[in-house]
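Residue-level structure breakdown
For reference, the chains in residue letters:
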Amino acid sequence: MSSIFKGSPYRRPNDVEAGSSRSAQSDDEDHEFSGGPFDITSTKNAPLDRLRRWRQAALVLNASRRFRYTLDLKKEEEKKQILRKIRAHAQAIRAAYLFKQAGERVNGTAIPHPTPTGDFAIGPEQLASVTRDHNFNALQEYGGGNGLAEMLKTNLEKGIQGGDPDLLKRRNAFGSNTYPRKKGRSFWRFVWEACQDLTLIILVVAAVASLALGIKTEGPKEGWYDGGSIAFAVLLVIVVTAISDYKQSLQFQKLDEEKRNIHLEVVRGGRRVEISIYEVVVGDVVPLNIGDQVPADGILISGHSLATDESSMTGESDIVHKDAKQPFLMSGCKVADGSGTMLVTGVGINTEWGLLMANLSEDTGEETPLQVRLNGVATFIGFVGLSVAFAVLVVLLVRYFTGHTKDATGRTQFVAGKTSAGDAVDGAIKIITVAVTIVVVAVPEGLPLAVTLTLAYSMKKMMADKALVRRLSACETMGSATTICSDKTGTLTLNQMTVVEGFVGGRKIDPPYSSSELPDTLTSLLIEGVAMNANGSVFTPEGGGDVEVSGSPTEKAILNWAIKLGMNFDAVRSGSSIVHVFPFNSEKKRGGVAIQLPDSNVRIHWKGAAEIVLAACSWFLDTNDSIVAMDEEKMAFFEMAIETMAAGSLRCVAIAYRSCESEEVPTNEEQLAQWALPEDDLVLLAIVGLKDPCRPGVKDSVQLCQNAGVKVRMVTGDNVKTAKAIALECGILHSDVDATEPNLIEGKVFRALSDLQREEVAEKISVMGRSSPNDKLLLVQALRKRGHVVAVTGDGTNDAPALHEADIGLAMGIQGTEVAKENSDIIILDDNFASVVKVVRWGRSVYANIQKFIQFQLTVNVAALVINVVAAVSSGDVPLNAVQLLWVNLIMDTLGALALATEPPTNHLMHRPPVGRREPLITNIMWRNLLIQAVYQVSVLLVLNFQGKKILHLDHKSSEHANKVKNTLIFNAFVLCQIFNEFNARKPDEMNIFKGLGRNYLFIGIVAITLILQVVIVEFLGKFAKTVQLNWELWLISIAIGFVSWPLAFLGKLIPVPKTPVSQIFSRKFCRRRNRSSRQKA
């Protein structure tokens, strides 16, 4: 048992006490975290020191906003402390109760009588003392499970009644299965965080000083405009930023709720019903299977080899076996092995798990690789911007105080000994304001936050596409996926199984459910084997009606087949008692049960993979009810039957039994728990073929992945022949010629290879049949070592290590166990491979949208910086003032991110190869587009700045008015250039920039709002923005200047760019020069 649970794959991956559960890290793991502080290709399992390094290296103006959606390292430490305290507290209480119980046993102290609560004979305090404190004495005093069930008005077979009045009474008496959560951040908290930007604080201080000096010198009527306009612009930036951030946080809260909302089955009114974990009440009877999460505190009613992983509560990764002596089950723990049924005795805050979650309910966030890289880009640009702003500040101050700066009328602004101190300070404040505003524009604070914006948008839309993202980083990593290792059943197929062929009594039965051809004894044994060795259930309504069958698709298909053969499920189950169960094991591919018959004899039934069960059979039961020896001829007949069915893409399941002497069965409970059911010398009863059709459109989805450079590999536990047939149907294999080793391989063959051989073979594998979860893990490790970005689908508990090891773990939402889901990064809600392909599209879309935004923002940055710097150095004045630059910053950061980072994915994304995780963020295509637009904007606007009066024929007007008109035109043309360029940024590598525009209402809305606000600023807010009204001719000139960027972008895309990234070209040249110089020195 210890080998099965080695490394505890069942523990929660974020369990800071239990540590990381990632197994066998790949050789290049250290390489993922090497290099510069911002060079992190994967944040999955990244060391905390590594995450701390990039934070310290980043240039940040507003830390609370910049790091809002990254892992809060301080809270992570606090989380560890809280976990330790709560666990230590719980263990101390338990130890005290055990000590008290020991004293009570010695002194004969009586257990206090239960206190009635409402309609129930016991209250929540007594129940808590039994389960939370593991008080076995009290449990026995109350009559064990049966006694508690009676007090809670529960039938252990049929559960509670489950009507609304009954549920309401239980919630009123014992509470609901929820816990108090910390409220999300209010809107005003986001406003406060937006106010903490250092540059905005400096601008507010400058605005207040300018306001005071203006009122003092010009009077309150005219003097408040300069300071007031800056203050208003800052306020607008803060409000818009806060609204955008608040809306993002609401989306993340909603997604977080979805992640917590687990669905499970309970028994109510005799039938199994699916409910939310929040709807569980005290008294509920809950079936538990391997991989399930225990939904509440309770006691074990019945179980077979049940074991739970309690690491989430105790911090210890040991697997705890549950039986009549240790019946207590803790909420939040996972079922590691076996199956059973529990009676719920404590919910919500009355459980240790509820107490723990109430204290840890606030998420500590996580960063994504793209976020870290963008922080690096923002830091580099920020340092350049700071240097430029500082240079502008020095130049303007020197020019001002040396008398080289003139006002609009041509008068020198500062004359030593003549200019008053107030005027000098006012002039200096205006210069500082311009320099600080350049910093606001130059430092792209919103660039890393654009990732969060696009991820929040993508995650919301992905929910509609049946994908629930558990880890933010997985959303973007999926865009880099080079291979998908997919399960067959339920993912590539519909998971709607039916028995379509049957070999019973040594011959083929057609149709397979024709009981008239079968003798009574054979039918009876077959029905007994199906009913007793089943993890599903059959509910027959009392008033008649259709029979309801529950369980896994395979279980349901076989149970439905047995019903057609005449099975009465309840009668068969009540006619014998289960002695011991060997739950279905994905390693051994079979499951068994030992039952005691009414005559005290013991019979063992096995069910599993046909060729494996057949190999253990020495006999078969023929149609004369005779047990016949399995000779070579008959063995060959059955093997051929299995091969024929598998070649027809059927899943083959064999059912067999053997008798067992009662003396061979251990009588001791501990020995019985360890008893290995005899699995040889079996008597074959039947082999059935189950049809599970391929999902409609799955072939197109596989083809789409292949065209996108993503190889789809099928990894299944089914027979190799079945896997081959389905792979051919799905398009994973193209012909029988492809269906040879190593393209098509069996799990045991792959397992037997050396590490080096596995790496070489892994590249070629398209289909792996009869694979175990460990084979899947080995395949993932081999592919990752070869440099692949691996996505893996999984649904079983034993898939957890592979899901956790993969770059992107995709758990199935319908068939997936809670353990699989907790170890995954994304949950595919409909178990459909087409949804996996949609996730790939969204992953690529995230990366593409960020690149669009980078191209747009850097164009604005470069143009605004160059224009202001050149103008400041040459004339001592800047055409774009503080208020105008703050408006440009708003267009560039918040509105630009909203417009471009929320672009929906297109099929064009699936016609490119995967995005390399170490590829430069700014591609050669982006550099080309960016430089063309920036050079154009800078050239045109600088010409207007220096020759604008002459070109616009403003020479005859007063110098002050002419300057204002010229600067207003420059400001207006600059903003319109950005609006037109926003369209170019939508399609960096496509000629048609309007493609799909009609479906992107958000983009159209933002462009419209930006345009309307620009008209309002220019035409009606002149005193605030230092603009004048423009006539229709100047508006046409502004529009024409902006419009030229469209044909320019079209022509620019005809210019070819080298495939080698610019950064590599420069680094190679630098290396060559360095090598030459070192050789010359030598």
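Residues numbered from 1 in each chain as written. Predicted model: local features only at pLDDT ≥ 70, side-chain atom pairs only at ≥ 80, totals over all residues. Heavy atoms only, no water.

Some details on the overall build of the protein chain
Within the protein chain, the regular secondary structure consists of 40 helices and 26 strands. A total of 1082 residues make up the protein chain; the buried ones form 56% of that total. Considering only contacts in the protein chain between residues 6 or more positions apart, those separated by 24 or more positions represent 73%. Total accessible area computed for the protein chain in this model is approximately 45500 Å², and 57% of it derives from carbon and sulfur atoms. (Helix = DSSP H or I, 4+ residues; strand = E, 2+ residues; numbered from the N terminus. Buried < 20%, exposed > 50% of the residue type's maximum accessible area, 1.4 Å probe, protein only. Contact = heavy atoms within 4.5 Å. Areas by Shrake-Rupley, 256 points an atom, 1.4 Å probe, with all protein chains shown as cover.)

Details of a nonpolar patch on the surface
On the surface, Val862, Val866, Val870 and Phe946 cluster together into a nonpolar patch covering about 270 Å² of accessible area. Per element, the largest residue contribution to the nonpolar patch is three residues, and it comes from helix H32 (residues 833–875). (Patch = residues over 30% accessible without salt bridge, like charges linked within 9 Å, V, L, I, M, F, W, Y side chains within 5 Å. Salt bridge = Lys/Arg side-chain N within 4 Å of Asp/Glu carboxyl O.)

Some words on the nonpolar core
Nonpolar side chains tend to gather and get buried jointly when the protein is soluble and globular. By size, the foremost hydrophobic cluster in this structure holds 83 residues, and its most contacted members are Leu203, Leu886 and Phe974. The biggest single contributor to this core is helix H35 (residues 959–986), with 14 residues. Leucine 203 has contacts with Ile230, Val234, Thr433, Val436, Thr437, Val440 and Leu886, leaving out every residue within four places of it along the chain. Counting residues in hydrophobic clusters, the runner-up holds 71 residues, among them Leu447, Ala474, Val702 and Val710. (Core = buried A, V, L, I, M, F, W, Y, C linked by side-chain atoms within 4.5 Å.)

Notes on the packing of aromatic side chains
Enumeration over the complete set of coordinates arrives at 18 aromatic pairs. When the ring of phenylalanine 980 is compared with that of phenylalanine 1043, the centres are 6.3 Å apart and the planes differ by 90°; the resulting orientation is edge-to-face. With phenylalanine 980 in helix H35 and phenylalanine 1043 in helix H38 (residues 1032–1043), this residue pair connects regions lying 63 residues apart in the sequence. Taken together, the ring pairs connect Phe980, Phe983, Phe994, Phe1003, Phe1043 and Trp1046 into an aromatic cluster. The cationic tip of lysine 634 hangs over the ring face of phenylalanine 637; the distance from NZ or CZ to the ring centre is 4.6 Å. Over the aromatic face of phenylalanine 638 sits the side chain of lysine 634, whose NZ or CZ is 5.9 Å from the ring centroid. (Phe/Tyr/Trp six-rings, centres within 6.5 Å; stacked < 30°, edge-to-face > 60°. Lys NZ or Arg CZ within 6 Å of the ring centre and 35° of its normal.)

Thoughts on the sheet that holds strand S26 (residues 826–828)
In a beta sheet, neighbouring strands pair by backbone hydrogen bonds and run either parallel or antiparallel. With mixed pairing, the eight strands of this open sheet are ordered in space as S8-S26-S25-S24-S9-S21-S23-S22. Whereas interior strands pair on both sides, the edge strands pair on one side only; in this sheet they are strand S8 (467–469) and strand S22 (744–746). On average, each strand axis in the sheet is tilted by 20° relative to the strand beside it, whichever way the strands run. Of the pairings in the sheet, the one linking S22 to strand S23 (residues 767–769) comprises three bridges and is parallel in character. Bridging from a neighbouring strand, isoleucine 745 pairs with methionine 768 of S23. (Pairing = 2+ DSSP bridges. Axes fitted to C-alpha atoms, helices over the stretch in contact; angles between N-to-C directions.)

Here's the deal with the environment of leucine 250
By secondary structure assignment, the location of leucine 250 is in helix H12 (residues 225–260). Distance in space between the C-alpha atoms of leucine 250 and serine 186 is 9.9 Å, their sequence separation being 64 residues.

A few points about a positive patch on the surface
Together, Lys247, Lys254, Lys460 and Lys461 make up a positively charged patch on the protein surface. Secondary structure elements with two or more residues in the positive patch: H12 and helix H17 (446–464). As for its placement among the helices and strands, lysine 461 is situated in helix H17. (Lys, Arg positive; Asp, Glu negative; His and termini not counted. Charge placed at Lys NZ, Arg CZ, Asp CG, Glu CD.)

Some points on the pattern of salt bridges
If you walk through the whole model with that rule in mind, you get 32 salt bridges. Taking the shortest distance from any N to any O, the salt bridge between aspartate 807 and arginine 784 comes out at 3.3 Å. Here arginine 784 lies in helix H29 (residues 773–785) and aspartate 807 lies in the loop between helix H30 (800–805) and strand S25 (808–812), a separation of 23 residues in the sequence. The exposure class assigned to arginine 784 is buried, which follows from its relative accessible area of 3%. For lysine 995, the salt bridge is made with glutamate 990, and the minimal N-O distance between the two is 3.9 Å. With relative accessibility at 12%, the residue glutamate 990 sits in the buried group. Each member of the salt-bridge network shares a partner with another, and the members are Asp487, Lys776 and Asp799.

A few points about the side chain of serine 339
Mapped onto the secondary structure, serine 339 falls in strand S7 (residues 334–346). Ignoring any residue separated from it by four or fewer positions in sequence, one finds serine 339 in contact with Leu288, Asn289, Gly303, His304, Leu306 and Asn535.

Focus on the UniProt feature "transmembrane region" (unreviewed entry) in the protein chain
UniProt's feature table lists "transmembrane region" (unreviewed entry) at residues 190–215, 227–246, 377–401, 431–457, 1001–1022 and 1034–1055, given in the numbering used throughout. Overall, residues 377–401 shows 100% helix and 0% strand. The separation of its end C-alpha atoms is 36 Å. When the span residues 1001–1022 is considered, its composition is 95% helix and 0% strand, and the gap between its end C-alpha atoms is 31 Å. (UniProt positions renumbered as here; feature names shortened; annotations may be inferred.)

Regarding the side chain of threonine 817
If you trace the backbone, threonine 817 turns up in the loop between S25 and helix H31 (818–822). Its relative accessible area of 12% is what places threonine 817 among the buried residues. For threonine 817, the contacting residues outside a window of four places in its chain are Ile290, Gly291, Asp795, Gly796 and Thr797.

Details of the packing of helix H23 (residues 632–647) against helix H26 (residues 720–730)
The description of two helices packed together rests on the angle between their axes and the distance between the axes. Orientation of H23 relative to H26, taken along the N-to-C sense of each, is 20°, at an axis distance of 7 Å. Relative to H26, the element H23 is oriented roughly parallel. In terms of crossing hand, the pair formed by H23 and H26 is right-handed. Contact residues: Glu643, Ala646 and Ala647 in H23; Lys721, Thr722 and Ala725 in H26. Each residue belonging to the contact of H23 with H26 can be placed in one class, and the counts come to three nonpolar, one polar and two charged. (Parallel < 35°, antiparallel > 145°, perpendicular 65-115°, else oblique. Left-handed = near helix turned anticlockwise from the far one by under 90°. Nonpolar A, V, L, I, M, F, W, Y, C, P; charged D, E, K, R; others polar.)

Looking at helix H33 (residues 882–900)
For H33, built from 19 residues, the straight-helix expectation of 27 Å at 1.5 Å per residue is met to within 8% by its first-to-last C-alpha distance of 25 Å. The axis of H33 is deflected most strongly, by about 30°, at threonine 894. Most of H33 sits inside the fold, with 18 of its 19 residues counted as buried. Between a side-chain oxygen at the N-terminus of H33 and the backbone nitrogen of valine 883 the separation is 3.2 Å; the capping residue is asparagine 881. (Expected span 1.5 Å × (residues − 1). Bend = angle between axes of the 7 residues up to and from the residue. Polar contact = N/O pair within 3.5 Å; in protein donor to acceptor, adjacent residues only side chain to side chain.)

Some words on unusual backbone geometry
Trans peptide bonds make up the majority, and among non-glycine residues the majority have a negative phi. The omega torsion of the bond from aspartate 510 to proline 511 falls at 0°, within 30 degrees of zero and hence cis. Counting through the fold element by element, proline 511 comes out in the loop between strand S11 (507–509) and helix H19 (520–532). Between glutamate 741 and proline 742 the backbone carries a cis peptide bond, its omega angle lying at 0°. Phi is positive for lysine 153, which is not a glycine, with a value near 55°. Within the secondary structure layout, lysine 153 lies in the loop between helix H7 (144–151) and helix H8 (164–174). Since its relative accessible area comes to 52%, lysine 153 is described here as exposed. A positive phi angle is found at asparagine 495, which is not glycine, with a value near 65°. Structurally, the position occupied by asparagine 495 is in the loop between strand S9 (483–486) and strand S10 (498–504).

Here we look at the pairing of strand S15 (residues 590–596)
Along any regular strand, the residues point their side chains to alternate faces of the sheet. Counting buried positions over the seven residues of S15 gives six, a clear majority of the element. Relative to S15, strand S14 (residues 577–585) runs antiparallel, the two being bridged by six bridges. Looking across to S15, one finds that serine 577 is bridged to glutamine 596. Between S14 and S15, which pair antiparallel and follow one another directly, the connecting turn spans four residues, one of which, lysine 589, has a positive phi of 65°. Of the strand pairs in this sheet, S15 and strand S16 (residues 602–609) are connected by seven bridges, and their pairing is antiparallel. Across the sheet, glycine 591 pairs through a bridge with lysine 607, a residue of S16. Between S15 and S16, which follow one another and run antiparallel, lie five residues, and serine 600 among them has a positive phi close to 75°.

As for H29
Over its 13 residues, H29 runs 19 Å from end to end, which matches the ideal 18 Å to within 8%, given 1.5 Å per residue. In the stretch just after H29, glycine 787 is the one whose phi turns positive, near 90°.

Some thoughts on the packing of H12 against H33
One can describe the packing of H12 onto H33 by two numbers: an axis separation of 9 Å at closest approach and a directional angle of 10°. When the axes of H12 and H33 are compared, the pair comes out roughly parallel. Across the interface between the two elements, Ser229, Ile230, Ala233, Val234, Leu236, Val237, Val240, Thr241 and Ser244 of H12 pack against Ala882, Val883, Leu886, Leu890 and Thr894 of H33. Of the residues belonging to the contact of H12 with H33, the class tally is ten nonpolar, four polar and no charged.

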